[in-house]
Amino acid sequence: MNHFKNSVLIIVFNYSNSLQNKDKLINIYKKYFKEIIIYSDYPVVKDTNKVNYVNIERGCYTHRIFQHFYNNYKEKIEAIDGLFYTMDDNIINLNILNMYDSSKIIYKYNQNNPLNVYKGWQWDNTTWGKNAIYNLEKDSTYQGFGINTYSGGFSDYFYLPKKYLSKKTFDLFQLFGNYKVFLELAIPTIIHHIEPNELNYNNYTETILWGATDRRKLENLTFIKKKFNTEFNLFTHPIKFNSNPKALGWLSDIFQKKKCVIITTINHITETIKKHMNNTDYDVIIVGDKKTPDCYKNENCIYLDIAAQEKFFPKLSKLLPYNHYSRKNIGYLFAIQRGYEIIYETDDDNIPFDNFDNVLNFDDTVNTIQENDSEWINIFKYFTNNNWIWPRGYPLSLIKKHPIPNYTYENSKKNVSIINGLVENDPDVDALFRLICNHEVTWEKNKKIIISNKNMCVFNTQNTFWIDSSMFIGLLLPCSVTFRYCDILRGIIANILLRVNDKNMAYTSPNVTQLRNEHDLISDFKSEYSMYIANEKIISIVQNGVENLKNSKEILLKIYKNLFDNNIITQLDLDICQEWLTYF
């Protein structure tokens, strides 16, 4: 899943007095790369371990390090997928790095041109510009490469896939370095010669600031967050840690969270959203739609507006309908690609308790529950003694058929992958309950239970933790069923994935309070009608033919084909599923 996990990252310090920051930088980057190698200009700094010193003359000739790398780490090239290089003050946006194709170059594409067309301070400098290139062109070895065109550009980073890490590439870096050709002429010229086809370059944006006034903007946390989490620049330069040591902590906060909250909304910031934004343990991912206000661009969140969705997931974004809850799928996929360990999904009207994620603390004392009189389990009845309560999606034919549960319990270690929390104030019941019963529900507090895989247990997207990355594939929401059915059907599919993989879900007492957005109950009833009918036979439909399949990708696709064959979903959802699976 992590496209660059098998690549080496080289971090270069132009000034060795900045090496005091190297360990913190390594800590920020290390999750995303196979290995990090540090280079620095002289002078040597005492008590600094694992640093390669090369005379790069304060970064003017940074490309000199690559011949050293080739000579000293050549064996690593055979075992990696690519080489990433960046200066210490040029920051890679790790939140979006894995949205890019590791089989393509990361560098700004440009065409090489004859030397006489260029002017400017880089080219006209008597030390490193055209004069240096004229001297280089006299070198017989260099003449053997047949290079007589050049280009220039910002060169504090690049990524080269393995196929470009040839002896030729490193020899060219050495020659340009030996003749003191400035890095912003040498690096682009070499890269554009080893790959002249623009199609083999990633397309991305960057923020490169020059001048003292502009650079001071990068001393502001809000400005930096906007560059990374709203504008989604892959690189931001320069963030100077010696003059602004707080920035290292900022980057750690921006890139190193292990948990995220995903919400799609068309509303302005609610109490729920604001409370999540103030929780420093989670990144908040807001998935926008055409009706979503622009206010999120300036808030403490990762805001995926329509433009960002189309940028990172163009095929999926085009398939998913606009003004539809299923655009939340973009948020799920973003979180998966980013590499979060825990994905929490909720809606904008579910206010979390202060300790809402205490439900994550499971131990061996938590029992597993099984309903013995039906394959379906009405889990609501475990948390309340009210006989006439059932969750949205529970088959209507079972409400009176099994009014009193027949539970048995066992205490054995289970692999819990999904944790669903109940909600206070306005539980997720169907429109029939609200129209006919609608009595107040009191939940028992501080209870947790694991659901047996022999049962089918409905759950929604209202208050759910996904804590097992191997099950993230099951986050996909169908879009061709009704709004009031899409999350329930997704939960039923997830039940099958859990069962086949010998994993479990759990339910807990409430950890959020719902202040339900306005609903028309008759409209809800209409939206749920197809669910009432389909769920009477849904288990036999979704599990047909999956028992002998080898992996979750095959199982999910088979389930979607079963649903299509039974006219529950349309071809659109089958197409979306197939595109979704390309990311796993």
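Here goes a summary of the coordinates provided.

About the criteria used
Residues numbered from 1 in each chain as written. Predicted model: local features only at pLDDT ≥ 70, side-chain atom pairs only at ≥ 80, totals over all residues. Heavy atoms only, no water. Buried < 20%, exposed > 50% of the residue type's maximum accessible area, 1.4 Å probe, protein only. Helix = DSSP H or I, 4+ residues; strand = E, 2+ residues; numbered from the N terminus. Pairing = 2+ DSSP bridges. Axes fitted to C-alpha atoms, helices over the stretch in contact; angles between N-to-C directions. Contact = heavy atoms within 4.5 Å. Core = buried A, V, L, I, M, F, W, Y, C linked by side-chain atoms within 4.5 Å. Parallel < 35°, antiparallel > 145°, perpendicular 65-115°, else oblique. Left-handed = near helix turned anticlockwise from the far one by under 90°. Salt bridge = Lys/Arg side-chain N within 4 Å of Asp/Glu carboxyl O. Phe/Tyr/Trp six-rings, centres within 6.5 Å; stacked < 30°, edge-to-face > 60°. Lys NZ or Arg CZ within 6 Å of the ring centre and 35° of its normal. Right-handed = clockwise from strand over helix to strand, strands pointing away.

A two-sided burial pattern is seen for strand β18 (residues 463–466), the buried positions comprising Asn-463 and Phe-465 on one face and Thr-464 and Trp-466 on the other. With three bridges joining them, strand β16 (residues 416–424) and β18 adopt antiparallel strand pairing. Bridging from a neighbouring strand, Ile-418 pairs with Trp-466 of β18.

Turning next to the sheet that holds strand β7 (residues 206–208). Strand order in this open sheet of three strands is β5-β8-β7, and the pairing throughout is mixed. Across the chains shown, the open sheet's two edge strands, defined by having one partner strand only, are β5 (91–92) and β7.

The next point concerns the sheet that holds strand β2 (residues 35–40). Ordered by their spatial adjacency, five strands build an open sheet running β3-β2-β1-β4-β6, and the pairing between neighbours is mixed. The open sheet has two edge strands, β3 (51–53) and β6 (157–161), and neither has a second partner. Across the sheet, the mean angle from the axis of one strand to that of its neighbour is 20 degrees, orientation sign disregarded. As defined by bridge partners, strand β4 (residues 82–87) adjoins β6 across five bridges and the pair is classed as antiparallel. If you follow Thr-86 over to β6, its bridge partner there is Tyr-157. In the packing of helix α2 (residues 65–72) onto the sheet, contacts are made with β1 (7–13), β2, β3, β4 and β6, and the angle to β1 comes to roughly 135 degrees. The sheet contacts of helix α8 (residues 183–194) involve β4 and β6, and relative to β6 the element is tilted by about 20 degrees.

This part covers the nonpolar core. Counting residues in hydrophobic clusters, the biggest one holds 182 residues, and the most contacted among them are Ile-10, Ile-379 and Trp-580. Among the elements that take part in this core, helix α18 (residues 483–500) stands out by supplying 10 residues, more than any other. Setting aside residues no more than four positions away along its own chain, Ile-10 makes contact with Ile-37, Tyr-39, Ile-65, Phe-66, Phe-69, Leu-83, Phe-84, Tyr-85 and Thr-86. Core analysis: the next-biggest nonpolar cluster, separate from the first, contains 23 residues, Ile-263, Tyr-296, Tyr-303 and Ile-342 among them.

Quick look at the packing of helix α7 (residues 167–178) against α8 now. Relative to each other, α7 and α8 sit at 155 degrees, their axes nearing to 10 Å. As far as their axial angle goes, α8 and α7 are roughly antiparallel. For the element pair α7 and α8, the recorded crossing hand is right-handed. Contacts between α7 and α8 pair Thr-169, Leu-172, Phe-173 and Phe-176 from the former with Ala-186, Ile-187, Thr-189, Ile-190 and Ile-194 from the latter.

Side-chain pairs of opposite charge can arise where the charged atoms are in close proximity. According to the stated counting rule, one finds 27 salt bridges in the structure shown. When the shortest N-O distance is used, the salt bridge between Arg-499 and Glu-375 registers 3.2 Å. Remark: Glu-375 occurs in the loop between β14 (368–371) and α16 (380–383) and Arg-499 occurs in helix α18; sequence separation between them is 124 residues. The partly exposed category is assigned to Arg-499, whose relative accessible area is 23%. Residue Asp-428 is joined to Arg-392 by a salt bridge in which the shortest nitrogen-to-oxygen separation is 2.9 Å.

In terms of backbone geometry, most residues other than glycine have negative phi values and most peptide bonds are trans. Residue Pro-43 is reached from Tyr-42 by a cis peptide bond, and omega for that bond is 5 degrees. The residue Pro-43 is located in the loop between β2 and β3 in this model. Cis geometry marks the peptide bond from His-237 to Pro-238, where omega comes out at -5 degrees. Tracing the backbone shows Pro-238 in the loop between β8 (235–237) and α11 (246–255). Although it is not a glycine, Asn-425 sits at a positive phi angle of roughly 80 degrees. Topologically, Asn-425 is positioned in the loop between β16 and α17 (431–437). Given the relative accessible area of 57%, Asn-425 is considered exposed. Of note in the backbone geometry, Asn-567 takes a positive phi value of approximately 60 degrees without being a glycine. Within the fold, Asn-567 resides in the loop between α21 (552–565) and α22 (571–581).

Here the structure, examined in full by the defined rule, presents 48 aromatic pairs. Consider the rings of Tyr-85 and Phe-158, whose centres lie 4.9 Å apart with planes at 55 degrees: the pair is tilted. Of this pair, Tyr-85 sits in strand β4 while Phe-158 sits in strand β6, and the two are 73 residues apart along the sequence. By relative accessible area, Tyr-85 is classed as buried at 0%. Geometrically, the ring pair formed by Tyr-204 and Phe-235 is edge-to-face, given 5.7 Å between the ring centres and 75 degrees between the ring planes. With Tyr-204 in the loop between α8 and β7 and Phe-235 in strand β8, this pair connects stretches of sequence that are 31 residues apart. Exposure remark for Phe-235: the relative accessible area of 0% places this residue in the buried category. Taken together, Phe-4, Tyr-29, Phe-33, Phe-84, Tyr-107, Phe-154, Tyr-157, Tyr-159, Tyr-204, Trp-210 and Phe-235 form an aromatic cluster joined through their ring pairs. Stacked on the ring of Tyr-340, the Lys or Arg Arg-338 has its end atom at 4.1 Å from the ring centre.

Regular strands place side chains that alternate from one sheet face to the opposite one. When you tally the buried positions in strand β9 (residues 259–264), you get six out of six residues, the bulk of the element. The pairing of β9 with strand β10 (residues 282–287) spans six bridges and is parallel. Paired with Ile-263 across the bridge in β10 is Ile-286. Between the parallel pair β9 and β10, the chain is carried across by helix α12 (residues 271–277), and the sense of this crossover is right-handed. By the bridge criterion, four bridges tie β9 to strand β12 (residues 342–346) in an arrangement that is parallel. Directly across from Ile-262, in β12, lies its bridge partner Glu-345.

The values are spatial; any link to function lies outside them.
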